[in-house]
Each structure stands twice: as structure tokens, then as C-alpha cells.
Protein chains: 2
Amino acid sequence: MIKNRLQALRLEMEKTGVQAYIIPTSDFHETEYVASYFACRKYMSGFTGSAGVLVVLMDKAALWTDGRYFIQAASELENSTIELMKMGQEGTPSIEEYILDNLSQGSVVGFDGRTINTNDARRYQNAFATKEISLEPNYDLVGRIWTDRPSLPNSKTFHYDVKYAGKEMDVKLNEVREEMKKVYATSHIITKIDQIAWLFNLRAFDIPHFPVALAYALVEENQATLYIDNSRLDEESRTLFNTYGVIVKAYDEIYEDVKSLQGNILVDPSNVNSRIFFSLKGNIIEGRDPIISLKAQKNDVELASTRLAHIKDGVAVTKFMYWLDQNVKTGNVSEMSAEAKLQEFRASQEGYIEDSFSTISAYKEHAAMMHYSSNENTNVTLREEGMLLVDSGGQYYEGTTDITRTFVLGPITEEEKYWFTLSMRSHIRLAKANWLYGCRGLNLDILARGPLWDQNMDYQCGTGHGVGHLSSVHEAPNGFRWRIVPERNDSAVLEYGMIQSDEPGVYVEGKFGIRHENELIVKKGVKNYYGQFMHFEVLTFVPFDKKGIDTSLMTKDEIEWLNDYHKEVFEKISPFMNEDEKVWLKDVCSPLV
Amino acid sequence: MIKNRLQALRLEMEKTGVQAYIIPTSDFHETEYVASYFACRKYMSGFTGSAGVLVVLMDKAALWTDGRYFIQAASELENSTIELMKMGQEGTPSIEEYILDNLSQGSVVGFDGRTINTNDARRYQNAFATKEISLEPNYDLVGRIWTDRPSLPNSKTFHYDVKYAGKEMDVKLNEVREEMKKVYATSHIITKIDQIAWLFNLRAFDIPHFPVALAYALVEENQATLYIDNSRLDEESRTLFNTYGVIVKAYDEIYEDVKSLQGNILVDPSNVNSRIFFSLKGNIIEGRDPIISLKAQKNDVELASTRLAHIKDGVAVTKFMYWLDQNVKTGNVSEMSAEAKLQEFRASQEGYIEDSFSTISAYKEHAAMMHYSSNENTNVTLREEGMLLVDSGGQYYEGTTDITRTFVLGPITEEEKYWFTLSMRSHIRLAKANWLYGCRGLNLDILARGPLWDQNMDYQCGTGHGVGHLSSVHEAPNGFRWRIVPERNDSAVLEYGMIQSDEPGVYVEGKFGIRHENELIVKKGVKNYYGQFMHFEVLTFVPFDKKGIDTSLMTKDEIEWLNDYHKEVFEKISPFMNEDEKVWLKDVCSPLV
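Keep in mind that this is a model prediction, so the values were computed, not measured.

Criteria and cut-off values
- Residues numbered from 1 in each chain as written.
- Chains lettered and ligands numbered in written order.
- Predicted model: local features only at pLDDT ≥ 70, side-chain atom pairs only at ≥ 80, totals over all residues.
- Heavy atoms only, no water.
- Helix = DSSP H or I, 4+ residues; strand = E, 2+ residues; numbered from the N terminus.
- Rg over C-alpha atoms; globule rule 2.2 N^0.38 Å.
- Buried < 20%, exposed > 50% of the residue type's maximum accessible area, 1.4 Å probe, protein only.
- Contact = heavy atoms within 4.5 Å.
- Areas by Shrake-Rupley, 256 points an atom, 1.4 Å probe, with all protein chains shown as cover.
- Lys, Arg positive; Asp, Glu negative; His and termini not counted.
- Charge placed at Lys NZ, Arg CZ, Asp CG, Glu CD.
- Phe/Tyr/Trp six-rings, centres within 6.5 Å; stacked < 30°, edge-to-face > 60°.
- Lys NZ or Arg CZ within 6 Å of the ring centre and 35° of its normal.
- Least-squares fit on C-alpha atoms with pLDDT ≥ 70 in both.
- Salt bridge = Lys/Arg side-chain N within 4 Å of Asp/Glu carboxyl O.
- Buried area = accessible area lost by both parts, 1.4 Å probe.
- Polar contact = N/O pair within 3.5 Å; in protein donor to acceptor, adjacent residues only side chain to side chain.
- Nonpolar A, V, L, I, M, F, W, Y, C, P; charged D, E, K, R; others polar.
- Pairing = 2+ DSSP bridges.
- Axes fitted to C-alpha atoms, helices over the stretch in contact; angles between N-to-C directions.

> Which parts of the structure should I look at to understand the overall build of chain A?
When you go through chain A residue by residue, the secondary structure sums to 19 helices and 28 strands. Against the 2.2 N^0.38 benchmark of 25 Å for 593 residues, chain A shows a C-alpha radius of gyration of 25 Å, consistent with a compact globule. In terms of overall dimensions, chain A has a C-alpha envelope of 75 × 55 × 50 Å along the principal axes. Here chain A holds 593 residues, and 61% of them are scored as buried. Sequence-distant contacts, at least 24 apart, represent 69% of the contacts inside chain A between residues at least 6 apart. Carbon and sulfur atoms provide 49% of the accessible area of chain A, an area that totals close to 23,400 Å². Looking at chain A, you have 63 positive and 86 negative side-chain charges, and the mean spots of the two groups are 1 Å apart.

> Sorry, what's going on with the packing of aromatic side chains here?
Centre distance and the angle of the planes are the two values used to describe a pair of aromatic rings. All names here are of chain A. Enumeration over the complete set of coordinates arrives at 54 aromatic pairs over all chains. Plain terms: the ring middles of F320 and W323 are 6.1 Å apart, the flat faces sit at 20 degrees to each other, and that makes the pair stacked. Highlighted residues: F320 and W323, both in helix α14 (residues 300-327), separated by three residues, approximately one helical turn. For the pair formed by F320 and W323, the shared burial category is buried. For R405, the ring lying beneath its charged end belongs to F544, and the centroid distance is 3.8 Å.

> Would you mind showing me how to read the relation of the copies chain A and chain B here?
Relating one copy of the chain to the other requires a rotation about an axis plus a shift along that axis. For the match of chain A to chain B, the screw axis carries a shift of 0.0 Å, the RMSD comes to 0.1 Å, and the turn is 180 degrees. Such a turn and shift between the copies fits a two-fold axis. Among all residues of chain A, the one whose C-alpha sits closest to the rotation axis is N443(A), at a distance of 2.5 Å. In this assembly the copies share their binding face: 100% of the residues contributing to the interface of chain A also contribute to that of chain B.

> Help me understand the pattern of salt bridges, please; the structure alone is not making it clear to me.
For side chains of opposite charge, pairing can occur when their charged atoms come near one another. Taken as a whole, this structure holds 81 salt bridges over all chains when the rule is applied. Note that K523(A) and E537(A) form a salt bridge whose closest N and O atoms lie 2.6 Å from each other. Placement of the pair is K523(A) in strand β27 (residues 518-528) and E537(A) in strand β28 (residues 531-538), with a sequence separation of 14 residues. No difference in accessibility class separates K523(A) from E537(A), as the two residues are buried. A salt bridge links E385(B) to K364(B); the shortest N-O distance between them is 2.3 Å. A residue pair is termed long-range when its members are at least 10 positions apart, and E385(B) in the loop between β16 (360-363) and β17 (387-392) and K364(B) in the loop between β16 and β17 qualify at 21 residues.

> Explain the interface of chain A and chain B here, please?
Interfaces are often sized by the amount of accessible area the parts lose when they come together. In this complex, chain A contributes 30 residues to the contact, which on the side of chain B involves 30 residues. Each partner contributes to the roughly 2,700 Å² buried at the junction of chain A and chain B, and carbon and sulfur atoms together form 56% of this total. When the buried area of chain A at its contact with chain B is split by residue, N456(A), W482(A) and Y530(A) rank highest and sum to 23% of it. At the surface where chain A touches chain B, the tally comes to zero salt bridges. Counting every contact that joins chain A to chain B gives 10 residue pairs in polar contact (both at pLDDT 80 or more). Mapped by element, the contributors of at least two residues to the side of chain A that touches chain B are β21 (434-436), α17 (441-453) and β27 of chain A. The element best represented in the side of chain A that touches chain B is α17(A), accounting for six residues. Per-class residue counts for the side of chain A that touches chain B are 17 nonpolar, seven polar and six charged.

> Would you mind showing me how to read the sheet that holds β17(B) here?
Two modes of strand pairing occur in sheets, parallel and antiparallel, and in both the strands are linked by backbone hydrogen bonds. Residue and element names in this part refer to chain B. The strand order across the open sheet built from three strands is β16-β17-β20, with neighbouring strands paired in antiparallel fashion. Of all strands in the sheet, those with a lone pairing partner are β16 and β20 (403-408), marking the two edges. With strand direction ignored, the average angle separating the axes of adjacent strands in the sheet is 10 degrees. Bridge count for β17 against β20 is six bridges, and the pairing is antiparallel.

> Could you clarify how one ought to interpret the side chain of E503(B) in this entry?
Residue and element names in this part refer to chain B. Tracing the sequence through the fold places E503 in the loop between β24 (499-502) and β25 (505-508). Looking at E503, the relative accessible area reads 11%, which means it is buried. Of the polar contacts made by the side chain of E503, one reaches the side chain of H465; its length is 3.0 Å.

Next up, the structure:
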């Protein structure tokens, strides 16, 4: 099947005059999870992982993917004639090297420029220039041969009310224009769909867990254009676009419009796709999309709103915690049934829309896999021993949540208790940070990682990520990470109103996994001679399972923090509990000494 | 006087055809402290501060300096007709703006390109291009009118023996050439005098506290040239230059040689002066001078050697601490006499060459000024109360030291004891850090700053700086700072063998100043599944004054660290104490509970 598809593609390559064709994983908007319409790489290779690039030449083909997928890719590519390229391993050529090695002087490399961002395309361009190999970014060759291709997502939109969003779109448009002026830009091309959702207070259901619509936008000095199929728009949004003079054009029309754009065009080359970029004739100003920063600093209405969302979510997860406590002993609870029950608790909260990502419900050694997803093959029954890690979140009209708790279902080992406590210390030390304005996540990260690093242990991932507002649960440009990785754009200065997760953990392969996660808001503290001090407000309220904690390993102020936190959990959550739950909650929130 | 000098300079400006002349503070080598020969800005303005730029136009003149010097500069510039430009204050134009505002289209701006580095000169060039104003970097106009100018430093050199340096110059030249190859450079211009001192194992006494010689160097694929007056060279160095084929040319000759340099020339634009840069005709490769990193990672001979230097220094400072304890009560000890006594203790150590910087001996509120220097006008008698902060260091053949202790001379206030203890916690927490390889100072800084930030307090400077090896006491590219400041080049990844200070403090204006400083070596720790862990080895051994400490404010492991440290101080230092000193040392090193 794969061989036939490759053959069909090569026929199209021949017709179009390209000697190599690059097929990445992305959609047209650099979205984290892509709709099935965009699954060209999977269609052409059979490889189902979430990251990888397929390169097809006339006589061979190869697929690049990273360490997470080496085993899976090897198995899925078997019999496909596609060679597996293990990224990061010594001796593996880069995509550019492979193409340079195999193509002759003056060849043409084709790709759908909508699926490759400007930065990547320019990297190819620079490399290929050494052999006068040119780029052809204007053909979707897979589209020509993919007969039963799913259609583009087309869900109905809804207006995101200003009572949750805090600002009408005219205010936001003005803010964006102010930022444009600072860099002398007269127009700004926006292709990231969460940026567009924020700007126009527009939401939809194009992608699971990420309630936004596929669209493009163009903001100019005196006009704004939204590129989206008009029939998808809800009445309210349509009326508001009229009111605020926002022009609505067909989704695809942006590709024509940008060709004639004059003046200084602001382009974020890490976002904007290369087909758009290469077709620009105006003066290009490269820079970060200012919406990234505007959106990340939640306004006071958004903050008040998301505090409500987090109470609702806290009620759901706390009820789930009680339910676990009562039901694991029946022997009828599994990873998957627990996951379903949790969703039931969330769904019964008013304003719940959907989960903000696929729940991780991981028992014992399954939790050592950071991104485990329980399925029919792996599902196990929970017993009164060991730990269950549950990482989950909800999309509510009031905001987006993300929480992890590690539940102690019965006896655990000394080793488990030790790491449960140390990673609890990690969580607490970051949550109670106080710092001078100007710090980035990379300055604060060691507060969390320190207690584990002191024991030569590490969790091998970021400590936390930015969180959107009824938007993506992973959002730039803030987060906690110790390495400087410019492409990730997650080390911005921590500004008032930014929300990010605090989720250190310990993962021991084949044994257990522990993670403690709350969301935190950046707040202003004391301003004095030394500057503006900053700290966090905790946003998530669900008990941490005290059964995992050995207070002899903690400092006095860390224990105090935990007791204060549990006191607040009880105050905020108990009003929504029934009598039995309330008695239990009182107990699980009682202070440790 | 200043007016006459300005008039004389303007005559020279007229002759040369320049309408503005820029006079910075630097020497030809971007040295931290400059010899008196280079004090052109002071000569022309009367301003004696360590930072500032004078710009002379035909009808007016202005001097830019920073907040440290506003009051001093205002007083020193009085009656000079030179306007004071307060950098960082709103409304103050930049040098570029001032020149652009005052000069007409097509004017010429002159300066001695040897005293302005490439980065700065290019910034001027870019700004001035908007008005077609050109640069003339080839005239030292102040030199023409400064009749009694001091001569260039001309001290005799000495060879720095491989038993201290660890590597012969041929080995170092090969290391540099390896780094050059990595960036395809065929030649490398070196103008920083500590880089040159390291490369050729050459030292001298051109600048107080910084035992190196003014020189330039050029490393090519098959030859190396040192630009220094041959008559200054000691016999041993001269012989070794012969042995290793190092060509010696006159100091100034580099300016001719670089003009004809072919091939790929590696230039560090933050170091190399603009007269050299502008005269290059070859292909320029910009990058950090690889010597900065090679030099910072001390080899095992240097490490062993500097450990010895630190024992000697520890003996001197510990003897001083005992002497203070015995003599303050006589009422005959002042800030300045204490400083002199400390130097006496250092000078009596074998291998001592000179102090590594001007000692700060600051009693009570004087210590709140971070860079206080006691003089006849400020000197005070020490009494049996309050605290004395002494920041000092030595240049020994074995290495360079830098240490601060805050001595408690008698009763101190609760406030003083509180901050003494908190800044002690800061010091300890950084010293006992354990981290994954790849961290920079900016990841670790909050370990020190955290306990103070938690109380909304900050010390408003870096936590520590890199330290040279019989070289500058302030050395790139490592240090502890939380802000990212690329120009400072002090946030490199912490590599094995790097040495840096750990010196947090608390400064309360008009009241007191506290600083606790040791030097630390970066070492490798456990290597496991998670990566290579790193930690520090403490290099400095002198008791911290326990009288300042309130253990109720410290954690158990911090007290443990301090007790372990004092145990080690006693073991290492007591063999060099007399009987009385030993009894006293036993007591001041006894454990706290």
C-alpha cells in the first residue's frame, strides 16, 4: 500500500519537475496537534508518531524521527522501503545533508510550503544553495493522490464572551497595532490559530482539546481581515465583525492577498508558513508575533474567570479522589475506568466543554512513562497498593485547567515515599518563590530541580509550561526550563498575569512515576528600593496525597506551606462536597507535623 | 586649565578636519584598570571616575557617565564648560544622538581607534550613516597636546613556569589552532593582555594588581607573533620564544602587519580595537576569542597550584583575623592600619607578589558602599562594636586569591545578626549546589539570592565573578548573575576547572554592609542515567565569624555545611598557626548547634 502511494507520488513529482519531496508533520498553522486532514506524512509512510519528516526521492525515501519513536517507527516502516533516520544518533545525516548527497546540481526540491515554517524553509534554502538546488513550495502533491483524504475541519464557531475574555476585539486590535507601531510595521500576518482565537474572541471545535478554528488573519493600520469560511461563523461573531469592521474572507484567500501587500510587513518566521513568506513582496520586518506576549499576560477578568474554572476543576478532581478512596478496594476500578469516572466528574461541572488533553491515568510502573496513555492492551486493575498518577485537565468557558496528582492507593515502598516527598519539596519550593521582576523561568527552575539534583536525580523535562485561557493547555512564551532553547520560546521574563504549571516529578523505569502539578499565576509583590518583587498565586485546589509524605525529609517552612495550602483547599472546595466527602476532605486536609 | 586643553584639542581637530572627537576611558586592550598613559579622558575633562566618555565638538563638549559618578562628575566638571550627561536618566541623549543632533550632513567624527572596540565603533558607524557622517579612527589628538604625558608601561617581563601554568606555550598554541580550525580561521588577532599572558606564559608588572604586559599577538596556522618591545623581555622567555619559533616584533608593528593579513581572520569584536578591525582586508570571521574559554578551564596543575596559593592566603587572613581579635581593643587599629597589617601578613607568605586588587577595609556604615576605599579623609578607628568588612586578595606565583570576611568586632544589632545569617545561608546554598552539566551561573544564582529575595532584599550586583590564574581577579566567561547581559560575557556553561567567587551580601545605606566570599572550583560529580552532575570544591579556607550567626534562622544542612567547612579550615590552616593562634582557631572553628 505504502509502496503504491510512493509510486503515485513519484509520478506527480515527475510531472511537476521536482527530484525530492519533503513531507513534514505540521498543519498550515504550526499547531501542536494536527487534524486528520493534515496527516500526509502518516498517509505516505504508515508511521503514526507525532513527530517526523518524510523525504521522498525518485529511487528511495527516508523518514527522520526522534528517540521517542525509534522502536515504533522501525516496526511501522517495515516493508515500506522507507529508511529510518534516527535523529540525534551519530552518523545520521540531516535532511539537508541527505538531499545534498543524493540530488545533482540544479535539482528542485518540492514541498507544500504551507506545512513548513519560514525558519525551516530558509534553513533548507541556505543549505541547498551550495549546490544550486532550488525550492518549489507551491504544490501539495500528496493532496493530488490522496483520494479518500478527510475534509478540512469545519466546526461551527462561537463568540467567546467578554465576561470571560475581558477585552473586546477592538481593544485587542488596538493593542496589537500599538506593538506593530513600535517596530514600524504597517501590517501583520497571523497564522497561529490560538493567536487568532484570542484576537477575535472566537472559538470552535476544529481540533480535540483545543477549542479554536483554523483561520488566518491580517492586521493592517486601518483594517483587519479574518480568513475563515463565512458559513462556519456563528451569528454573534458575524455581527461583532460587522460592528468592528473586521473583514471576513475565504480561508485560502490569504495566499492571494499577501502577494500584493505593501509597506512594512511584520512576520514571525517561527510561526508563519513559508508559502506565505516566499510570496511576500513588501518590506519584511521579522519579529515575534506581539500577540504571544499580549495573550500570555492574562487580564484581570481572565484571571478572575480562570480562578472559577479552577474551583470547578478542583471540585471534580477532589470528588474523584474521594471516589478512588472508596472504590479501589472493590477491585472494579481500572486505569481506564478511573479516567472515564474523572471525566464524568468534570462533565457534571457547569461550563465544562471538553478535556484540555488526553488524560494520563497511569498505575505503578506505567507512570514512569511520562506520556503514557492507557488502552485496551495496557489497562490494568487498580489495587490497594502502589501509586496512581493522574494528569488531566478541562476546558471550561471560564478557562483552561491542568493538574496532576499522584494518589497513594495503599502501601508504598520506602523508595517511593522518599521520592514522593522530595518531588513534593520541589513543587513547594518553586510555588513559594519570591523574585525580582526580570527573572525568567530559567532563573527559577533550580528551585524545583534542586532537591532532586542534590540526590543526582532529574526528571528530564521542563518543570512547567505556559497555559492558555480557553485555548491551548501548552502556551508560549513562559515556562520553567533550565536550558536555553530559543526555538521553544518558553523562557520569557515572567510578567504579571502569566499562568504556568509547576510539575516536577520522579520517574523510575519499571517501578513508578510521581508528579505533583498545580497551576500558578505570576503576581506583583512588594515594590521597594531594590525593585519590584514578584511571586506566585496558586490556582489549583485539590489535596496532595499526604500518605506519600515523610515530613522528616522536609524543612519547617515547606511543611507550613503544605498545611496552609490544604487549609485553603478545604475552605474553597468543601462547600461543594456532600457530607461524606466533607468528613473525608477534612481529614486529608488536616495539617502535618 | 581644562578650558585651555579643550582649546588646544580643537585646534588639532581643525587641522585634522574632524568636527567631533570622542575620548573614552579604555586603553588599547580593553583592560579593566588602565595605566596612567591612557588617562586621556581624565586629562581632557578633569573627571577622575573609572567610567565615562568625553565628546568634544568645536563649540561645546559633554561627558557621559553612570549613576555611580553623577555627584563626583558634577563637582569635577564645574567650570570646565563640559556638560554632564547622566546615563540611564530619562531625557539624556546617547552619544550617537548628541553627535547626530549637533553635526551637519557629511561631517567627520574622530577618535583614537585603538581605544574604542570594534562593537562600539560599529554602533557609531551605523548611527552616523543616517547623516553621512564618517569615522576617522587613526588620530590620537590628545597625544599631540598632552606634553607631560606619562610613558607607556615598560616593566620587565618574567616567564611563568610550567610548574604553575601546567602547559607549555606550544601546547597552548596548538589548542588555540584547533579552535581556529573549527571556525575555518587561518589567523587570529589577540589584543587582550591576559589572553596573551596565558598563551605565552608571560607575566610583568605594567598594571598594579594585574601582573601582565601590554602586548598584542597574532596566531597563524604555522607561526605566532608577539608584539612587545624586545628589550622588556626576560632571558628565559626570550629563549623559549626562540625554542618554540615565536616571532617577537615591536609593540606597534601589529598595526602594519594586520593590513596585509590574508585568509580567514578570527576577530573578537568585543575585544579587538577598531583601528585594527577597520584596517583588515582579509575575510573576517567574528567570534569569541577561544582563549577566553581555554584559559577559564584551569588545568590540573593550575588547580593544584592555586589550592596552595589559597592555603597561603588563608593563613595570612586567618592570622589577620586573630590579630584583629587581639588588637581592636587597644583602640589603635583603624580601617587603614588594619588594611596595612593584612598586607603585611600576605607579604610574609612565600610566593606573594602583590595584592590582586585594592583592599576594601570598611567599618560599620562604610561597608554599605560596595566599593569603598578607606583614605585619610574617611579613615576611622575600629571599636569593640559593629562589623568590619574586609574584601582583599593576593597575587602569588601559585595563583590569584579573592576573599571577603565580615568580622564582628563586638555587640551587633538584631538586624545586623539577621542579615549576617541570611547572607551566610545565601553563600552556603550556592557553595553546596549540585547540578546537571550544562547549567550557567544564571541558573544557579537564585540559590544564593533566594533567602534574601524571600525577604524582599537584594544585593544589586552579581553573586560572583570568574577568577584568573596569576592574572585578573575578574575574568570572563563564568560568573553568577541572574540577568542575561551578553556584553558582560559572564554566563557561560560552568565547565570543569572554572574558578569563580561566591559573594552574596547585604548592604544597608548608613548602617552596615555584610559580604561572605569564598572562591569555588567547578568539579565533576556523579555521572549516571540522567547525565553528568557537577558541584563545587571550596578553595578558600578562613573561618567565617560565628559571632554574627543565629542558627535558629538556618536549616540543619546549612549548619552542617558550616561545621564541616570550619573543621576543614582548622585541619588545613592550624599547622601554620602559632600556639596562641591555634587555641583561638580551635574555638572559632568549633561546631555550631
